[in-house]
Amino acid sequence: MEKYQTKAELQKECKKRGISANGSKEELYNRINGKEEVRKTKVRDNSPSVITDDTIIEENIRCSENHRAYFISKLGKGFTFKVSFQKWLKQNHGKTYLDAVQAYREVCKIKPDVDSQFEYNTYIKAFFSQTEGLMLSDAIKCWKYKKTITLHPIFEVDDLKVLEND
């Protein structure tokens, strides 16, 4: 059974033998014991150098500055790589970049579901956008009522009935 060695001890042994002391403990151990090193290979970037409307969306796309420049030229300076659009790109490799431009407009129309931590603010904003002359305390009463009857409350004008009891 071999003695346990720390990384520092393995590095010291490598230096003593005149071999590289860089790498993980496993790499150092293998180097000292003459075992073959497994070289890590980088994932090849398959991004096209020039993107046109007819360029095919590559498999395993990685959104680069080249991609950003193309989409900005087509969609304007307001373009951003939204997560939903990135997912669309990954799921639709093989289509053209012109297809992607058209899809961007559709994908961005879809608003994501509101996370539960933002439901209160969303409810209160909706309350004030659909009512006039009411107070924040009224909005909170409606919110509390709605929370008792549903898990994910969305403001509806019917919620105002709770204020009639005051």
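The rules we used
- Residues numbered from 1 in each chain as written.
- Predicted model: local features only at pLDDT ≥ 70, side-chain atom pairs only at ≥ 80, totals over all residues.
- Heavy atoms only, no water.
- Helix = DSSP H or I, 4+ residues; strand = E, 2+ residues; numbered from the N terminus.
- Buried < 20%, exposed > 50% of the residue type's maximum accessible area, 1.4 Å probe, protein only.
- Contact = heavy atoms within 4.5 Å.
- Arc of directions from axis to C-beta.
- Axes fitted to C-alpha atoms, helices over the stretch in contact; angles between N-to-C directions.
- Left-handed = near helix turned anticlockwise from the far one by under 90°.
- Nonpolar A, V, L, I, M, F, W, Y, C, P; charged D, E, K, R; others polar.
- Core = buried A, V, L, I, M, F, W, Y, C linked by side-chain atoms within 4.5 Å.
- Phe/Tyr/Trp six-rings, centres within 6.5 Å; stacked < 30°, edge-to-face > 60°.
- Polar contact = N/O pair within 3.5 Å; in protein donor to acceptor, adjacent residues only side chain to side chain.

The next subject is the overall build of the protein. On a plain count of helices and strands, the protein comes out with 7 helices and 0 strands. Scanning the protein from its N terminus toward the C terminus, one meets helices and strands in the order α-α-α-α-α-α-α. For the protein, with 166 residues in total, the buried portion stands at 27%. A separation threshold of at least 6 residues defines the contact pool for the protein, and within that pool the share at least 24 residues apart is 37%.

The subject of this paragraph is helix H4 (residues 83–91). Buried within H4 are the following residues: Phe 85, Trp 88 and Leu 89. Projected down its long axis, H4 carries its buried residues within an arc of 100 degrees, all on one side. Of the exposed residues in H4, the ones pointing more than 90 degrees away from its buried face are Val 83 and Gln 91. Along its buried surface, H4 packs onto helix H3 (65–75) and helix H5 (97–109).

Moving on, we come to the packing of H3 against H5. Two numbers describe how H3 lies on H5: the axes approach to 11 Å, and their chain directions differ by 65 degrees. Crossing of H3 over H5 shows right-handed handedness. Facing His 67, Tyr 70, Phe 71, Lys 74 and Leu 75 of H3, the residues of H5 in contact are Tyr 97, Leu 98, Ala 100, Val 101, Tyr 104 and Arg 105. Looking at side-chain class alone, the contact of H3 with H5 contains 8 nonpolar, 1 polar and 2 charged residues.

Tracing the sequence through the fold places Val 107 in helix H5. Look at Val 107 and you get buried, because its relative accessible area is 14%. The spatial distance from the C-alpha of Val 107 to the C-alpha of Val 83 is 10.0 Å, given a sequence separation of 24 residues. Those residues in contact with Val 107 that sit more than four places away from it in its chain are Ser 84, Phe 85 and Trp 88.

The next point concerns the nonpolar core. Judged by nonpolar contacts, the single largest core of 16 residues is most densely connected at Ile 57, Phe 71, Phe 85, Trp 88, Leu 89, Tyr 97 and Ala 100. When residues of this core are traced back to their parent elements, those giving at least two are H3, H4 and H5. When residues in this core are grouped by element, the largest group, 6 residues, is from H5. Contact partners of Leu 89, with chain neighbours within four places excluded, come to Ile 57, Ile 61, Cys 63, Phe 71, Phe 81 and Ala 100.

Next up on the list: the packing of aromatic side chains. Applying the stated criterion to the full structure yields 16 aromatic pairs. Taking the centre distance of 5.2 Å and the plane angle of 70 degrees together, the rings of Tyr 70 and Phe 71 count as edge-to-face. Look at Phe 71 and you get buried, because its relative accessible area is 0%. On the basis of an interplanar angle of 75 degrees and a centroid distance of 5.3 Å, the ring pair of Phe 127 and Phe 155 is categorised as edge-to-face. Of the two residues, Phe 127 sits in helix H6 (residues 119–130) while Phe 155 sits in the segment after helix H7 (136–149), which places them 28 residues apart along the sequence. An identical accessibility class is assigned to Phe 127 and Phe 155; each is buried.

Let us now look at the side chain of Arg 31. Secondary-structure assignment places Arg 31 in helix H2 (residues 25–32). Of note is the side chain of Arg 31, whose polar atom sits 2.7 Å from the backbone oxygen of Ser 20. In this structure the side chain of Arg 31 is engaged in a polar contact, spanning 2.8 Å, whose partner is the backbone oxygen of Asn 22.

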